[in-house]
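Each chain is listed here by its residues.
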Amino acid sequence: MRGITIAIDGPAASGKSTTARAVAEELGYHHLNSGTLYRAITWAALEEGWIDDERRFRREVGDLDLRLERDTEGYRITIGGRDAGDGLVSPGTASRVSEVSAREATRQKVLGLLRAEADRGAIVCDGRDIGTVVFPDAELKIFLVASAEERGRRRLLEMGAKASPDRVREEASLLEARDRADSSRNLAPLRKARDAIELDTTDLEASEVVDRIVALARAAGATVG
């Protein structure tokens, strides 16, 4: 059996990537965070100097030799045979990736790569519009939610910061503003697919969330690798 496609979406700091990675590990599937592809394109555009030339950007992205290679932990991303490596998480890449990901040429490139991987099966993918645009026919769609306060607390802890009540409220306010912006944007707005299963993780441990999704995946036809 080739395996099913599992799409995991949700607002910022809802735990999409962490959950998707753990679910993939439990099932013996491959985990792919769509955001890494947007980062790879941003890194290449910065490295080669065409990020601010709109016409050249469209041409270069269309011709970009961007590849996904499955490995035991997920994927290795190469551009022209080069491993992007730390460039994916560099400050320069991080500062431009949001802008680059909103460009139509970028989205079409990423969409093609993601769908090609889904055709191979046995994939858990997380990211924006995964269930609504990228994989509308995914066998299992999950939409993770949690209160802004809980998401703020988790984000602070991930950053190694103290989750004091004042800091949590401040972070929650920032996330609520991000939610509003993400939900109202013209391109790829934050939206739950009609057939997605919503999981409120506010009061759940990470392991409980993973166990529930794995059970849903098995019910949807996934077999453990």
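Residues numbered from 1 in each chain as written. Predicted model: local features only at pLDDT ≥ 70, side-chain atom pairs only at ≥ 80, totals over all residues. Heavy atoms only, no water.

(A) View of the overall build of the protein chain. Secondary structure assignment for the protein chain yields nine helices and eight strands. Against the compact-globule benchmark of 17 Å for 225 residues, the protein chain has a radius of gyration of 18 Å, which places it among compact chains. When its C-alpha atoms are laid out on the principal axes, the protein chain stretches across 50 × 50 × 30 Å. By the burial criterion, 48% of the 225 residues in the protein chain qualify as buried. Pairs at least 24 apart in sequence give 73% of the contacts found in the protein chain among residues at least 6 apart. Here the protein chain has roughly 11500 Å² of accessible surface; of this, 46% comes from carbon and sulfur atoms. Seen as two clouds, the 35 positive and the 40 negative side-chain charges of the protein chain have centres 3 Å apart. (Helix = DSSP H or I, 4+ residues; strand = E, 2+ residues; numbered from the N terminus. Rg over C-alpha atoms; globule rule 2.2 N^0.38 Å. Buried < 20%, exposed > 50% of the residue type's maximum accessible area, 1.4 Å probe, protein only. Contact = heavy atoms within 4.5 Å. Areas by Shrake-Rupley, 256 points an atom, 1.4 Å probe, with all protein chains shown as cover. Lys, Arg positive; Asp, Glu negative; His and termini not counted. Charge placed at Lys NZ, Arg CZ, Asp CG, Glu CD.)

(B) Broad picture of a negative patch on the surface. A cluster of acidic residues, Glu-25, Glu-26, Glu-205, Glu-208 and Asp-211, forms a negative patch at the surface. Contributing elements (two or more residues each) for the negative patch: helix H1 (16-27) and helix H9 (206-219). Relative to the helices and strands, Glu-25 is located in helix H1. We classify Glu-25 as exposed; its relative accessible area is 66%. (Patch = residues over 30% accessible without salt bridge, like charges linked within 9 Å, V, L, I, M, F, W, Y side chains within 5 Å. Salt bridge = Lys/Arg side-chain N within 4 Å of Asp/Glu carboxyl O.)

(C) Broad picture of the pattern of salt bridges. This model, assessed by the stated rule, comprises 20 salt bridges. For Glu-99, the salt bridge goes to Arg-96, with nearest N and O atoms at 2.8 Å. One end of the pair is Glu-99 and the other is Arg-96, both in helix H4 (residues 91-101) and three residues apart, which spans about a single turn. With relative accessibility at 36%, the residue Glu-99 sits in the partly exposed group. Note that Arg-169 and Asp-166 form a salt bridge whose closest N and O atoms lie 2.2 Å from each other. Placement of both Arg-169 and Asp-166 in helix H8 (residues 165-184) is noted, with a separation of three residues, approximately one turn of the helix. Relative accessible area serves as the criterion here: at 55%, Asp-166 is assigned to the exposed category. Salt bridges sharing common partners tie together Asp-52, Arg-96, Glu-99 and Arg-103.

(D) Main features of helix H7 (residues 148-158). Here H7 has its buried residues at Ala-148, Glu-150, Arg-151, Gly-152, Arg-154 and Leu-156. Lining the buried residues of H7 we find H8. Of the residues flanking the end of H7, it is Gly-160, one or two places downstream, whose phi is positive at about 80°.

(E) Representation of the sheet that holds strand E5 (residues 82-83) in the model. Spatially, three strands are ordered E3-E4-E5 in an open sheet, and the strand pairing comes out antiparallel. Strand pairing shows two members of the sheet lacking a second neighbour, strand E3 (66-70) and E5, which therefore form its edges. Its contacts with the sheet place helix H2 (residues 34-48) against E3, strand E4 (75-79) and E5, and it is angled at close to 25° to E4. (Pairing = 2+ DSSP bridges. Axes fitted to C-alpha atoms, helices over the stretch in contact; angles between N-to-C directions.)

(F) Geometry of unusual backbone geometry. For Ala-13, which is not a glycine, the phi torsion comes out positive at approximately 65°. You will see that Asp-129, though not glycine, has its phi angle at about 55°, which is positive. With respect to the element layout, Asp-129 can be found in the loop between strand E6 (123-126) and helix H6 (130-134). For Asp-129, a relative accessible area of 2% translates into the label buried.

Bear in mind that shape data such as this cannot, by itself, settle questions of function.
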